Amino acid sequence: LDWAVVRPCNVYGPGDNFDPNNAMVIPTLMMRINRKENPVVVWGDGSAIRDFAYSHDVAEGTILALYHGTRGDFVNLGSGEGFTIRELIETLHSFLEFNYEFDNNKESK
């Protein structure tokens, strides 16, 4: 077969979409922190697990999949390591000043 199917995980990096209405979790949080939301309300309890990959790594993986093909199969591009939303928030909080709270009444996206 002469085609490839690539499915990236949550991608972040240069050229990211920071529109909180339709962006991925990292740029959405960064925009909300930058807008000084107080507190930044995070849907769910923080236990949802996501895989994150840097945009350049995803681009390189896509190029490799196109070059080598995927033999008609899907290729998942990601780090292969899951992180909870709570871990993401706490990591951002370790070097950025902002208040946050989890809203267990709403499910995480």
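Refer to the structure presented above.
Just so you know, these numbers come straight off a predicted model, no measurement behind them.

Peer 1: Give me the lowdown on the sheet that holds strand β2 (residues 10-12), citing residues and values where you can.
Peer 2: Taken together, the three strands give an open sheet; going across it, the order is β2-β4-β6, and neighbouring strands pair in mixed fashion. Only two strands of the sheet have a single neighbouring strand rather than two, namely β2 and β6 (82-84). Between one strand axis and the next, the sheet turns by 50° as a mean value, whatever way the strands run. Two strands pair when backbone bridges link them, and strand β4 (residues 49-54) and β6 are joined in this way by three bridges, in the antiparallel orientation. The residue of β6 that forms the bridge with D51 is G82. Across the sheet, helix α2 (residues 55-68) lies against β2 and β4, angled at about 80° from β4, the strand it touches most.

Peer 1: Describe helix α3 (residues 85-93), with residues and values.
Peer 2: All of the buried residues in α3 are I85, L88, I89 and L92. The arc that holds the buried residues of α3, viewed along the axis, is 95°, so those residues lie on one side. On the buried face of α3, the contacting elements are α1 (25-34), β3 (40-43), β4, β6 and β7 (100-103).

Peer 1: Lay out α1 in plain terms, naming residues and giving numbers.
Peer 2: Helical geometry note: an α-helix holds 3.6 residues per turn, so side chains three or four residues apart project in the same direction. With seven of its 10 residues buried, α1 lies for the most part within the structure. Considering only its buried residues, α1 is in contact with β2, β3, β4 and α3. The positive-phi residue at the C-terminal boundary of α1 is K36, with phi of around 65°.

Peer 1: Any details on the side chain of T28? Residues and values, ideally.
Peer 2: Mapped onto the secondary structure, T28 falls in helix α1. Once residues within four sequence positions are removed from consideration, T28 is found in contact with D19, P20 and A23.

Cut-offs and rules
Residues numbered from 1 in each chain as written. Predicted model: local features only at pLDDT ≥ 70, side-chain atom pairs only at ≥ 80, totals over all residues. Heavy atoms only, no water. Pairing = 2+ DSSP bridges. Helix = DSSP H or I, 4+ residues; strand = E, 2+ residues; numbered from the N terminus. Axes fitted to C-alpha atoms, helices over the stretch in contact; angles between N-to-C directions. Contact = heavy atoms within 4.5 Å. Buried < 20%, exposed > 50% of the residue type's maximum accessible area, 1.4 Å probe, protein only. Arc of directions from axis to C-beta.

Keep in mind these values describe shape, not function.
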